[in-house]
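Working through the structure, step by step
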Amino acid sequence: MNRTARSSEPAPALPEVDADHLRSDLEEALEAARSERDGEPSDYLEDVQHHGVDGLAAAVCTTDGEVAVAGDADARFALQSVSKALTYAVVLEEVGLDETLEHVGVEPSGEAFNHLSLHDDGRPYNPLINAGAIMAHALVPGDDPEARVRFLLERYSALAGEELEVDQDVVDAEQERADRNLGLAHLLADGGRLPIPAREAVEGYLAQCSVTVGAEQLAVMGATLAAGGVNPRTGERVLREDVAQQAMSVMLTCGMYNASGQWVAEVGIPAKSGVSGALLGAVPGALGIATWSPRLDERGNSLRGIAVFEDLTRRWDLHVLQHHTALRGLRG
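Description of the structure in this document. Keep in mind that this is a model prediction, so the values were computed, not measured. (Residues numbered from 1 in each chain as written. Predicted model: local features only at pLDDT ≥ 70, side-chain atom pairs only at ≥ 80, totals over all residues. Heavy atoms only, no water.)

**Observations concerning the packing of helix H7 (residues 179-190) against helix H8 (residues 198-209)**
One can describe the packing of H7 onto H8 by two numbers: an axis separation of 8 Å at closest approach and a directional angle of 135°. Relative to H8, H7 is oriented oblique. The chirality of how H7 crosses H8 is right-handed. Seen from H7, the contacting residues are Asn181, Leu182, Ala185, His186 and Ala189; seen from H8, they are Ala198, Arg199, Val202, Tyr205 and Leu206. The residue inventory of the contact of H7 with H8, partitioned by class, reads 7 nonpolar, 2 polar and 1 charged. (Axes fitted to C-alpha atoms, helices over the stretch in contact; angles between N-to-C directions. Helix = DSSP H or I, 4+ residues; strand = E, 2+ residues; numbered from the N terminus. Parallel < 35°, antiparallel > 145°, perpendicular 65-115°, else oblique. Left-handed = near helix turned anticlockwise from the far one by under 90°. Contact = heavy atoms within 4.5 Å. Nonpolar A, V, L, I, M, F, W, Y, C, P; charged D, E, K, R; others polar.)

This is the structure in structure tokens:
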């Protein structure tokens, strides 16, 4: 997976989608999810006053660039752990799969996101738990934390099709709660695995988690992965196709923390959640889906976001293991 020159290519085309139907279904799924009132928001939101805890938004972007948005379309929220999947893709693009696998694995941990889950050789189990995400951030090109974050912002912005920013209020709130992440980073450094100083790795990791998006921008990011790395709104090739495939593979098996097995069985979409209430999904060759609702279950996943995804996967037959479209490319 060595980096190659990026080029502008058209995204794979879907059969024509009825935009009104797409939007209507999305609004119905969102309305049904509003009845879910359980769960609590992440504690970092106590220090970020402009982030409402009862907001709800959803968006879809198809791989031919059709977009539908419902709910609080103007709300901005932090990527939080959704950034882990995006940084993993960037690192794969920049340093390659072999080098990345030398530092972090791809196996589900079956444990909480902030647990120190390591292989016998000291590598984090996967890049979508905190230890693995800190390791992945340490592989981002750049000589210091600021340079690495600038590089990620450039790549995230290309995935979203518009310029994104770091929310300093979120960074400050997360730095107040960084002890466990610093502990994970120091343990990785003590094992000789972390290629940069532990504090730098955590500083940069918290900044990437604090990049803010809206539901539409996040859905476009998902659609870019689903389109094999080509942004369907801008036509820019942001990632190589094999990079997008690898990132979505790990999202499918590890993206919902210790609920990942249940997620694959019931929803079946490569996805990544974040404690801001963000939830990103990518259906290869079809679309990206994003939801935002800050009330979380005990595993750190958005309750109403999960409800919307469950609804849409039934409505639109999105489960990636469904059988009835297999070998369709061989049917003339």
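There is more to say after this.
**Notes on the nonpolar core**
Judged by nonpolar contacts, the single largest core of 52 residues is most densely connected at Leu79, Tyr156, Leu164, Leu218, Met221 and Leu225. Where this core is concerned, the elements lending two or more residues are strand S1 (57-62), helix H2 (82-95), helix H5 (145-160), strand S5 (211-213), helix H9 (215-226), helix H10 (241-254), strand S7 (278-283) and strand S8 (287-292). Formed by 26 residues, the second largest nonpolar core is a distinct cluster that contains Val60, Val283, Ile289 and Trp316. (Core = buried A, V, L, I, M, F, W, Y, C linked by side-chain atoms within 4.5 Å. Buried < 20%, exposed > 50% of the residue type's maximum accessible area, 1.4 Å probe, protein only.)

**Side note on the pattern of salt bridges**
Applying the stated criterion across every chain, the model contains 13 salt bridges. Across the pair Arg23 and Asp20 runs a salt bridge, and its minimum N-O distance is 3.8 Å. Within this pair, Arg23 and its partner Asp20 are both found in helix H1 (residues 19-33), separated by 3 residues, close to a single helical turn. Given a relative accessible area of 28%, Arg23 falls into the partly exposed group. You can call Asp20 exposed: its relative accessible area is 56%. In this structure, Asp25 and Arg315 form a salt bridge, with 3.4 Å as the shortest nitrogen-oxygen distance. With Asp25 in helix H1 and Arg315 in helix H12 (residues 303-316), this pair connects stretches of sequence that are 290 residues apart. (Salt bridge = Lys/Arg side-chain N within 4 Å of Asp/Glu carboxyl O.)

**Describing the side chain of His137**
Along the chain, His137 falls in helix H4 (residues 130-138). On the basis of relative accessibility, which here comes to 0%, the residue His137 falls in the buried class. Other than its neighbours up to four places away in sequence, His137 contacts Thr87, Arg148, Val149, Leu152, Ala201, Gly204, Tyr205 and Gln208.

**Examining the sheet that holds strand S2 (residues 67-71)**
Read from one edge of the open sheet, 5 strands run S2-S1-S8-S7-S6, paired in antiparallel fashion. One side of each edge strand has no neighbouring strand; the edge strands of this open sheet are S2 and strand S6 (271-273). Each neighbouring strand pair of the sheet contributes to a mean axis angle of 10°, computed without reference to strand direction. Taken together, the 6 bridges between S7 and S8 define a ladder with antiparallel strand orientation. By the bridge assignment, Leu280 is partnered in S8 with Ala290. Together, S6 and S7 form the strand contacts of H2, whose direction differs from that of S6 by roughly 130°. (Pairing = 2+ DSSP bridges.)

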